[in-house]
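Descriptive analysis of the structure
Single-letter residue listing:
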Amino acid sequence: MIGAVSTANSLDVRPVTLAWGSPYYTKLAMAASSGKAPNTAIMHLSRLAGFAPERLLQPYDLDLLAEYGLKPADFAPAVWERCFYNGKLFAVPMDTHPFILLYNKDLAVKAGIANSDGKLREISSPQALMEAASRMAVATGKQGLSFGHVLDSAQSWRLFWGFYNQTGGGYTMTAGQPARIDKAKATEVLAFLKELLDGKAAVNNQTYHGAIADFTTGTTGMIFSGEWELPAFAKAVPNLGAVPMPTLFGTPASYTDSHVWVLPKQVSKDSEAFKASHQFVAGILKEGLNWAQAGHIPAFTPIQNTDEYRALVPQVDYAAAGETPAFDPAVWFAGAGTDFQNQLSQTLSAALQGTVTVENAVNSMMEHVQTMLSAPNPT
């Protein structure tokens, strides 16, 4: 959370750093409901719907943002449009941080699934991914692919939802209406993921940290993970490659979230502080190259068009994932760090481990969603 006050031609910025997760969002909601919140704050875009925007947040002034150099055309449409509520802009995206496929280029060349320069050959079907992972297993002498999901509160959901969005399957998650998903396509995706974790191409019982350890030590040559792990991976795997989630089911999509700047509601509007907040947010976004070096994709696209960004490898190789984001459903109970992700992840993980059938897991997920739709939004 940030307090930003204009002092002549500069800004007096007073940051407050809080622990991430549910406690952060609880404190942000309480601060906003008090009307005496910090001028600006960061949150995940996936949590925006849960903040009843017009009660806890105030909208941005598009003219003010333009005055400081931020225009709608400077953002990927799919990300920018998600920041609106009732026709008003309630969030300004700082980045997109997708779930991607990272790989060891040296092992990929050895496995015959990459060109001599280490560039991964196109993987465009479930069968192609299975073959690539199997060939990588031969190259490592152990397994080909890491995916850590056991006891994790989000990983299974991220992988499943990214691929489900590739199928074009829709969903309905609206209060007062039955929860719906294309069960045939959801079952197809989950059945394939269970097949992929066959004990040879990939094991089905990895934890998050176990998957990372296997990838960084060369036990596996590929890993499905968030790009936020890039700095650690780059230290352990010098010849590191990365691509968006492979398009296995027809339409490009990668599970994605976004860090966004929001304006918590105030009891009384301070025009100078309001203007300073816009200036501060614009200034931060223009420094997006620093954020990109850590792995995140700058949402402010002029950063992506610089020579400096284009020189960042493998960041530039998965930047396209920011154009085709698969966000969480825009419902109050979904998003980063929620019980929604945790419950659905545990159900999906059980199917991947073979303790429940794929069909039962899909039905169970929708039962969880229906229960959540019946509960009132506490904000």
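Quick note: structure is the one above.
The following refers to the structure shown. Sequence order as written defines the numbering, with residues in each chain counted from 1. The predicted origin of the model limits local features to residues at a pLDDT of at least 70 and limits the giving and counting of side-chain atom pairs to 80 or more, whereas totals for whole chains, interfaces and linings rest on all residues. Computation of side-chain values covers all heavy atoms of the structure but excludes hydrogens and water.

**Re the pairing of strand S15 (residues 259-264)**
If a strand is regular, its side chains alternate between the two faces of the sheet. Burial classes: relative accessible area under 20% of the type maximum marks a residue as buried, over 50% as exposed, and values in between as partly exposed (1.4 Å probe, protein chains only). The helix and strand labels rest on DSSP assignments: H or I over at least four residues marks a helix, E over at least two residues marks a strand, and numbering proceeds from the N terminus. Where burial is concerned, most of S15 is hidden: six out of the six residues are buried. Of the two faces of S15, the one lined by His259, Trp261 and Leu263 and the one lined by Val260, Val262 and Pro264 are each fully buried. Here the rule is simple: two strands pair whenever DSSP picks up at least two bridges between them. Sheet topology note: the strand S4 (residues 57-58)/S15 ladder contains two bridges and is antiparallel. For Gln58, the partnering residue across the bridge sits in S15 and is Leu263.

**Considering the nonpolar core**
Among the buried residues, those of types Ala, Val, Leu, Ile, Met, Phe, Trp, Tyr and Cys that are joined through side-chain atoms within 4.5 Å form a nonpolar core. Counting 59 residues, the largest nonpolar core has Phe160, Phe163, Leu190 and Phe224 as the members making the most contacts within it. Listing elements by their share of this core, those giving two or more residues are strand S8 (95-104), helix H5 (105-111), helix H6 (126-140), helix H7 (155-166), helix H8 (183-196), strand S12 (222-226), helix H15 (339-352) and helix H16 (358-373). No other element matches H16, which puts eight residues into this core. We call two residues contacting when some pair of their heavy atoms lies within 4.5 Å. Non-local contacts of Phe163, meaning those with residues more than four positions away in its chain, are made with Val189, Leu193, Phe224, Met245, Pro246, Leu248 and Phe249. Tyr68, Leu70, Trp80 and Ala282 belong to the second-largest nonpolar core, a separate cluster that totals 40 residues.

**Looking at the environment of Thr207**
As for its placement among the helices and strands, Thr207 is situated in the loop between H8 and helix H9 (208-216). In this structure Thr207 comes out as partly exposed when scored by relative accessible area, which is 36%. Here Thr207 is in contact with Gly148, His149 and Val150, once residues within four sequence places are set aside. In the analysis that follows, any N or O atom pair within 3.5 Å is treated as a polar contact, provided that within protein one partner can donate a hydrogen and the other can accept it, and provided that, for residues neighboring in sequence, both atoms belong to side chains. Within the local environment of Thr207, its side chain forms a polar contact with the backbone nitrogen of Gly210, the two atoms lying 3.0 Å apart.

**Focus: H15**
Helical geometry: 3.6 residues make up each α-helical turn, so side chains three or four residues apart lie on a common side. For H15, spanning 14 residues, the distance from its first C-alpha to its last is 20 Å, which sits close to the expected 20 Å at 1.5 Å a residue. Counting buried positions along H15 gives ten out of 14 residues, so the element sits mostly inside the fold. Burial in H15 covers these residues: Phe340, Gln341, Leu344, Ser345, Thr347, Leu348, Ser349, Ala350, Ala351 and Leu352. On its buried face, H15 sits against H7, H8, strand S14 (254-257) and H16. Looking one or two residues beyond H15, the residue adopting positive phi is Gly354, at roughly 85°. To estimate how far a helix should extend, the number of its residues minus one is multiplied by 1.5 Å.

**A few points about the packing of H7 against H15**
Throughout, an axis means a line fitted to C-alpha atoms (over the contacting stretch in the case of helices), and angles, computed between N-to-C directions, take values from 0 to 180 degrees. Between H7 and H15, the least distance of the axes is 7 Å, while the angle of their chain directions is 80°. Comparing their axes, H15 and H7 come out roughly perpendicular. On the side of H7, the interface is formed by Gln155, Ser156, Trp157 and Phe160, while H15 contributes Phe340, Gln341, Leu344, Ser345, Leu348, Ser349 and Leu352. Put simply, angles under 35 degrees are roughly parallel, angles over 145 are roughly antiparallel, angles from 65 to 115 are roughly perpendicular, and the rest are oblique.

**A closer look at the pattern of salt bridges**
Salt bridges are defined as contacts in which a side-chain nitrogen from Lys or Arg sits within 4 Å of a carboxyl oxygen from Asp or Glu. Under the defined criterion, the tally for this structure stands at five salt bridges. One salt bridge in this structure joins Lys88 and Glu54, with 3.1 Å as the shortest N-O distance. Placement of Lys88 in strand S6 (residues 88-89) and of Glu54 in helix H2 (residues 53-56) is noted, with a sequence separation of 34 residues between them. Judged by its relative accessible area of 31%, Glu54 falls in the partly exposed class. One salt bridge in this structure joins Arg135 and Glu131, with 3.7 Å as the shortest N-O distance. Separated by four residues within a single helix, Arg135 and Glu131 lie in helix H6, roughly one turn from each other. Note on Arg135: relative accessible area 36%, which makes it partly exposed.

In short, the description is geometric, and any link to function would need to be established separately.
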